[in-house]
Amino acid sequence: MTSEPSSALMPNYAPADVAFERGEGACLYDTDGRRYLDFGSGIATASLGHAHPALVAALSEQAGKLWHVSNLYRIPGEEKLAERLVANSFADFVFFCNSGAEAVECGLKILRRYQAQAGKPERHRIITCEGGFHGRTLATIAAGGQEKHLDGFAPTVEGFDQVSFGNLNELRSAITDQTAGILVETIQGEGGIRPSGEDYLHGLREVADEYGLLLFFDEVQTGMGRTGKLFAHQWAGVTPDVMSLAKGLGGGFPVGACLSTEAAGSVMTPGTHGSTFGGNPLAMAAGNAVLDVMLGDGFMENVQRMGALLEDRAREIAERHPGIIEDVRGAGLLLGLKCVIPNMDLVGKLHDAGLLVIPAGDNVARLIPPLIIGQAEIDEAMGLLDEACAQLAQ
Ligand code: PLP
């Protein structure tokens, strides 16, 4: 694209000067017909790549039947997707919405209402972690606690206490008789692919149980197969009381979900929460089609295999170019290159070379390809990364 971006758009985004016309698998094609390898997946969202035949078929079929009715009526696709998520997780209940922030918002409301219904309305505060990201609504920017997201939006929503990510002692000492629960990402995504470690997750569960708090994992980025299991916390064998999902759940179609145990979710009685679009037939058709593929034989094993291959290749490159990349971290197909040079220099160089990767906090460039990625595409992408690093090192 060479024209100026439309001035009719609110100026909150600063897009790269490229527009994509179509996609196929892990590839995107821009309006000039140029091919890009997509190692960003629309920020970890196009989990099955672009134009996956199963998703195209499911959405096309549903589009010809029914788009929207609202939750005033039963929605069979919504009941089906909820039952399948429940059958494959710790959860007993699912609430559907349209985005990650809304999924988190529902979870925050559950944490407060659970304590209120238990006769402890004073327990309304939620402990969150520095470097965390939970969305852009007023409550979720307060939960994330990052100055750059809060700037100009005062007064900040009350009720969040931040502690260092990964530090259980600090977390313990932040608990008061006003604490309702703990909200954490199992791996911080936007914060720079910072893994928490299995011991930390076990510790969180113990602390939550000891103090009667609800444990809330935000798996908007890490969930839906991204780490090689359906949910990242399953690697640790720890279960939360509440979990938020979005991104990969619809394979690119907007859908979010808040999952909970029976004890936590049963406080959300009729009238306590809702969403006009949540659970709509199109989103549910997309979600069910995504699950059909992800729950298929060998899907997660392939994500694990491709994740290990990508990590190995990225590590070799980091070792060859220590002046460019100092660390490779993450799990499965959620990997971060911790850069020595400004991360945007690497992201820009790779973009020019036809490889899309996504910046994150802590000077990281994210490698988050579609989960259907193959070895040939990983080889090609890592060839481009190696070359870009060599050029940047000069
Ligand atoms: N939670 C996490 C962990 C995320 O990574 C994000 C988005 O990046 C969100 C919540 C917010 O999701 P959305 O942008 O769909 O509102």
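Residues numbered from 1 in each chain as written. Predicted model: local features only at pLDDT ≥ 70, side-chain atom pairs only at ≥ 80, totals over all residues. Heavy atoms only, no water.

Participant: How would you sum up the site of the ligand? Please name residues and give values.
Facilitator: Near the ligand, the surroundings consist of Ser 99, Gly 100, Ala 101, Phe 133, His 134, Gly 135, Glu 185, Glu 190, Asp 218, Val 220, Gln 221 and Lys 247. In the model, an oxygen atom of the ligand is placed 2.9 Å from a nitrogen or oxygen of the Gln 221 side chain. Note that an oxygen atom of the ligand is positioned 3.3 Å from one of the side-chain N or O atoms of Lys 247. Protein burial of the ligand: of its 390 Å² of free accessible surface, 81% is covered by the chains. Across the shell around the ligand, the residue classes tally to three nonpolar, five polar and four charged. (Near = heavy atom within 4 Å. Polar contact = N/O pair within 3.5 Å; in protein donor to acceptor, adjacent residues only side chain to side chain. Areas by Shrake-Rupley, 256 points an atom, 1.4 Å probe, with all protein chains shown as cover. Nonpolar A, V, L, I, M, F, W, Y, C, P; charged D, E, K, R; others polar.)

Participant: Could you give me a rundown of the packing of aromatic side chains, with the residues and numbers involved?
Facilitator: For the structure on display, the rule yields two aromatic pairs. Ring centres of Phe 20 and Tyr 36 lie 5.3 Å apart, and the angle between their planes is 85°; on these two criteria the pair is classed as edge-to-face. Separated by 16 residues along the polypeptide, Phe 20 in strand 1 (residues 20–24) and Tyr 36 in strand 3 (residues 35–38) bring together distant segments of the chain. With a relative accessible area of 33%, Phe 20 lands in the partly exposed category. On the basis of relative accessibility, which here comes to 4%, the residue Tyr 36 falls in the buried class. Above the ring of Tyr 29, the side-chain terminus of Arg 22 is found at 4.1 Å from the ring centroid. Taking NZ or CZ as reference, Lys 229 lies 4.5 Å from the ring centre of Trp 235, over its face. (Phe/Tyr/Trp six-rings, centres within 6.5 Å; stacked < 30°, edge-to-face > 60°. Helix = DSSP H or I, 4+ residues; strand = E, 2+ residues; numbered from the N terminus. Buried < 20%, exposed > 50% of the residue type's maximum accessible area, 1.4 Å probe, protein only. Lys NZ or Arg CZ within 6 Å of the ring centre and 35° of its normal.)

Participant: Quick one: what's the story with the environment of Ile 187, residue by residue and with numbers?
Facilitator: Note on placement: Ile 187 falls in strand 8 (residues 187–188). Judged by its relative accessible area of 7%, Ile 187 falls in the buried class. The spatial distance from the C-alpha of Ile 187 to the C-alpha of Leu 213 is 21 Å, given a sequence separation of 26 residues. Leaving out residues up to four positions away in the same chain, Ile 187 has contacts with Ile 193, Arg 194, Pro 195, Thr 222, Thr 227, Ala 331 and Leu 334. (Contact = heavy atoms within 4.5 Å.)

Participant: So what's going on with the sheet that holds strand 5 (residues 125–129)? Which residues, and what values?
Facilitator: The strand order across the open sheet built from seven strands is 4-12-11-10-7-5-6, with neighbouring strands paired in mixed fashion. Two strands in the sheet have a free side with no partner beyond their single neighbour: strand 4 (93–97) and strand 6 (160–163). Adjacent strand axes in the sheet meet at a mean angle of 20° when their direction is disregarded. Alignment of strand 11 (residues 242–245) against strand 12 (residues 256–260), held across four bridges, turns out to be antiparallel. Looking across to strand 12, one finds that Leu 245 is bridged to Ala 257. Sheet contacts for helix 8 (residues 198–211): strand 5, strand 7 (179–185) and strand 10 (214–218); angle to strand 10, the most-contacted strand, approximately 150°. (Pairing = 2+ DSSP bridges. Axes fitted to C-alpha atoms, helices over the stretch in contact; angles between N-to-C directions.)

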